[in-house]
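The primary structure of each chain is shown beneath.
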Amino acid sequence: MVAMIQSTTMFSSSPKTLQLNFHCSRFIASNQKLFSRGFVQFNSKSWRHSMFVNAKPVLKDGAISIGGKDALTNVPDNVVVTPFTNSSAFVGATSADESARHVFKLGVIRDVRFLSLFRFKLWWMIPRVGNSGRDIPVETQMLLLEVGKGQDSDETSYVVFLPIIDGEFRSSLQGNSSNELEFCVESGDPSIVTSQSLRAVFVNSGNHPFDLIKESMKILEKYKGTFTHRESKQMPGMLDWFGWCTWDAFYQDVNPQGIREGLKSLSEGGTPAKFIIIDDGWQDVSNEFQKEGEPFVEGSQFGGRLLSINENNKFRRASNDAQSDAPSDLKSFVSEIKNTYGLKYVFVWHALMGYWGGLVPDVPGTKKYNPELRYPVQSPGNLANMRDLAMDCMEKYGVGAIDADKAHQFLDDLHKYLVSQGVDGVKVDVQNILETISTGSGGRVSLTKQFQQALEKSISSNFQDNSIICCMGLSTDSIYHSKVSALTRASDDYYPKNPSTQTLHIAAVSYNSIFLGEVVVPDWDMFYSLHEAAEFHAAARAVGGCGVYVSLLKIWNLNKCTGVIGIFNCQGAGSWPCMSNPVQKNVSDELSGLVSPADIEYFDEVSGTQWTGDCAVFSFNSGSLSRVPKDESLSITLKVLKCEVLTVSPIKVYNKNIEFAAIGLLNMYNSGGAVEKVDLLLSDSSNCGIRIKGRGPGRFGAYSSTKPKSCSVNSKSTEEFKYRSEDNLFTATIPSTISNWDITLHY
């Protein structure tokens, strides 16, 4: 049996040695970022302004120019630009006709490098790069252009286009065969019409892509008032712990005995789970499309509907069935596994509408929520990309949709019941279904707002520390209505049996986080620990954040005292969907590239004033330690589906002659995630002490130009330290009984 992980992680041993999988470890990094030399930013520290002075977008002579540089040419007369800040504006258009859906042309894009994030399925988003309008996919939700030098700056400038919510209409971007950028606005309800959308797209410019996106989202947060930036949200406590999701271990056949065996296996393997998601398969469901005794029809599982908010008979023994292996009820089972296996958090899965097919109408357990059978209708934008089996089946079988006015009552009843059973939180799935069933309900924007408010109100009143994982909700309808939810799945499912998706999964989350990471912590989904790509997935989650393609994918991150770079060879192992020529021919089995400390943006946040300008670079795979000047590089060669993780620590001068850099726990992928603080403890002409504060057991390592005279751990002297003079690597063992430590090196 194997289990699964979700989110940013670090591991105390190689995942190849584990029998089951995991979720998030205690050493989740305090910051996460990235773009070409990195991409994306989950940093709570102060950020630098990237705006150009007087670079306000201007519409003149048929062109939209920003900072003296044309971003769009051949702009139609019906396009309206409304300046907002010194570097930003809203863009919209007018029409002679009223409609529930408009596609407006904005202008021509040619010979400009761009990154777009678009919905290739109803539920999920992936990246696309190109250099002209025809390359921009339908359902693009973020478009980032590299437009060259600014008028008043020698730095490369960037322009971001963010299609947003304008009244009752949701907008998206797309290109056409004439290299024109278009925006589409739609209400999702034929009765909700308009002849104009003047603030459909937010446009902003700057000379630093990460800061530009962060600033743009913070401007929109204040202007719209419908969503909250991630920095202001409460993080769920389960993010700090290693855990297990039952989905790929059991799928819908999850059962109490299987869960017991899985938790036991994790404990016996030395990696006890502190967190579990009991996924799909625990609920009281009826499915008229799966007849007992008849062959299983693929997709029929999505026709199931909820009979009540209670657990099914796998998790609740009938009163007259004393011989059953089922627990007496969900409450007793949750209590049992918490007490037996030391679980801190038990989450359960449910769909936003209760189950995939919603609620069964007119039965005692559901009728007070007024469910009505509706048949989803997808927008032309969704249909232009990839269809999805779940969506196809829900269109065929219908959805027992909860009355929007009863949404809070249903969710509150469900969550109150779960709390009474000892459940600590929920994973809420199938959220984008709302846009397909919004006819007659005020449209997709209004319906999403109602359900999102109902969901977050229920979470806030029933569960501690914002205990919700959102899923299948990557449409901007949901993103721009997320005021409380802090954790969202950022990719399509992990598919253990599909080798072509392994690299794409890592790349998709990395790129998506550029945009999504400003609103939530992106969740990476689970993965197998016993799998040929296990280390690839584990290292990516340990490093966290997002990346940009060169010939290797680099993901970088900042901890409190160090940086970390993950390098991944994603070439040739898979092809992005929705591309006309997706197959890469004759891809080499190995790729080589250069990696530098300069790849880590914002490294000055951890380097400090005592920095020599050189870095200690520790390789997780080889265990080697190198001294590298900040602008120089190391050569890395990797085979397909292989990776390397480098911890980069600034070498600082202490007491005028001791050069030192803390690496962290060498048995962790993101070694520096364990280091909290480094101080000069005492100093005089003959005595110097350096103190390192951190957490977690294992093998601590540091660069030290001189061998210490002695070492103490939590004020107790230890002889268990070593010094490797050939590369200046100091190591000391932190006992497994110590969770927080104070190491002092005496010189």
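- By the naming in an unreviewed UniProt entry, the protein goes by galactinol--sucrose galactosyltransferase and is assigned to Cannabis sativa.
- For the protein, the Catalytic activity (unreviewed entry) comment in UniProt is given as "alpha-D-galactosyl-(1->3)-1D-myo-inositol + sucrose = raffinose + myo-inositol".
- Its UniProt record gives the protein the following Sequence similarities (unreviewed entry) comment, quoted word for word: "Belongs to the glycosyl hydrolases 36 family."

1. Quick look at the pattern of salt bridges
Step number 1: Under the counting rule described, the total for this entry stands at 38 salt bridges.
Step number 2: Glutamate 336 serves as the salt-bridge partner of arginine 260, at 2.6 Å between the closest nitrogen and oxygen. Within this pair, whereas arginine 260 is found in helix H3 (residues 256–268), its partner glutamate 336 is found in helix H4 (residues 330–341), the two being separated by 76 residues in sequence.
Step number 3: Arginine 260 gets classed as buried once you look at its relative accessible area, which sits at 15%.
Step number 4: Accessibility expressed as a relative area gives 28% for glutamate 336, which makes it partly exposed.
Step number 5: The closest approach of N and O atoms between aspartate 413 and lysine 368, which form a salt bridge, is 3.1 Å. Here aspartate 413 is found in helix H7 (residues 407–420), whereas its partner lysine 368 is found in the loop between strand S21 (345–351) and strand S22 (372–374), with 45 residues between them in sequence.

2. Overview of unusual backbone geometry
Step number 1: A positive phi angle is found at valine 430, which is not glycine, with a value near 60°.
Step number 2: Within the element layout of this structure, valine 430 appears in the loop between strand S24 (425–429) and helix H8 (444–462).
Step number 3: The class of valine 430 is buried, set by a relative accessible area of 2%.
Step number 4: The phi dihedral of asparagine 714 falls on the positive side, at around 50°, and the residue is not glycine.
Step number 5: Residue class for asparagine 714 comes out partly exposed when judged on its relative accessible area of 33%.

3. Remarks on H7
Step number 1: The end-to-end C-alpha distance of H7, which contains 14 residues, comes to 20 Å, matching closely the 20 Å that a straight helix rising 1.5 Å per residue would cover.
Step number 2: Those residues of H7 that sit buried are Ala407, Phe410, Leu411, Asp412, Leu414, His415, Tyr417 and Leu418.
Step number 3: Once H7 finishes, glycine 422 follows within two positions and takes phi at roughly 90°, a positive value.

4. Here's the deal with the sheet that holds strand S5 (residues 69–72)
Sheets are built from strands paired through backbone hydrogen bonds, the pairs being either parallel or antiparallel.
Step number 1: Read from one edge to the other, the open sheet built from three strands follows the order S3-S4-S5, with strand pairing classed as antiparallel. At either margin of the open sheet sits one strand with a lone partner, and together these are strand S3 (58–60) and S5. The mean angle between the axes of side-by-side strands here comes to 45°, regardless of whether they run parallel or antiparallel.
Step number 2: Taken together, the three bridges between strand S4 (residues 63–66) and S5 define a ladder with antiparallel strand orientation. Bridge assignment links isoleucine 66 to a residue of S5, and that residue is lysine 69.

5. Structural notes on the layout of surface pockets
In this approach the atoms are scanned with a rolling probe the size of a water molecule, which exposes any empty space left behind.
Step number 1: Computed from the structure, the largest pocket encloses a volume of approximately 1200 Å³.
Step number 2: As for the largest pocket, its lining consists of 45 residues, and the residues nearest its centre are Trp247, Gln252, Asp280, Gln301 and Phe302.
Step number 3: Within the residue set of the lining of the largest pocket, elements represented by two or more residues are helix H2 (247–250), strand S19 (283–286), helix H6 (389–397) and S24.
Step number 4: When grouped by side-chain class, the residues that make up the lining of the largest pocket number 20 nonpolar, 10 polar and 15 charged.
Step number 5: Inspection of the lining of the largest pocket shows a minimum of three residues originating in each of domain 1 (57–225) and domain 2 (237–489).

6. Side note on the nonpolar core
It is characteristic of soluble globular proteins that their nonpolar side chains tend to be buried jointly.
Step number 1: Membership of the largest hydrophobic core comes to 124 residues, with the highest contact counts inside it found for Met142, Leu162, Ile278 and Met394.
Step number 2: Counting residues per element, this core draws most heavily on helix H10 (residues 502–516), which supplies nine residues.
Step number 3: With near-sequence residues (within four places) excluded, leucine 162 lies in contact with Gln141, Met142, Ala200, Val201, Phe202, Ser216, Met217, Leu220, Tyr480 and Phe515.
Step number 4: By size, the runner-up hydrophobic cluster in this structure holds 30 residues, among which are Ile66, Ala71, Leu181 and Val201.

So, how was this worked out
Residues numbered from 1 in each chain as written. Predicted model: local features only at pLDDT ≥ 70, side-chain atom pairs only at ≥ 80, totals over all residues. Heavy atoms only, no water. UniProt positions renumbered as here; feature names shortened; annotations may be inferred. Salt bridge = Lys/Arg side-chain N within 4 Å of Asp/Glu carboxyl O. Helix = DSSP H or I, 4+ residues; strand = E, 2+ residues; numbered from the N terminus. Buried < 20%, exposed > 50% of the residue type's maximum accessible area, 1.4 Å probe, protein only. Expected span 1.5 Å × (residues − 1). Pairing = 2+ DSSP bridges. Axes fitted to C-alpha atoms, helices over the stretch in contact; angles between N-to-C directions. 1 Å grid on protein atoms, 1.4 Å probe; cavity = no way out; pocket = protein on both sides within 12 Å on 5 of 7 lines; lining within 4 Å. Points joined across faces, edges and corners; volume = space filled by probe spheres on them. Nonpolar A, V, L, I, M, F, W, Y, C, P; charged D, E, K, R; others polar. Domains from an automatic or database assignment. Core = buried A, V, L, I, M, F, W, Y, C linked by side-chain atoms within 4.5 Å. Contact = heavy atoms within 4.5 Å.

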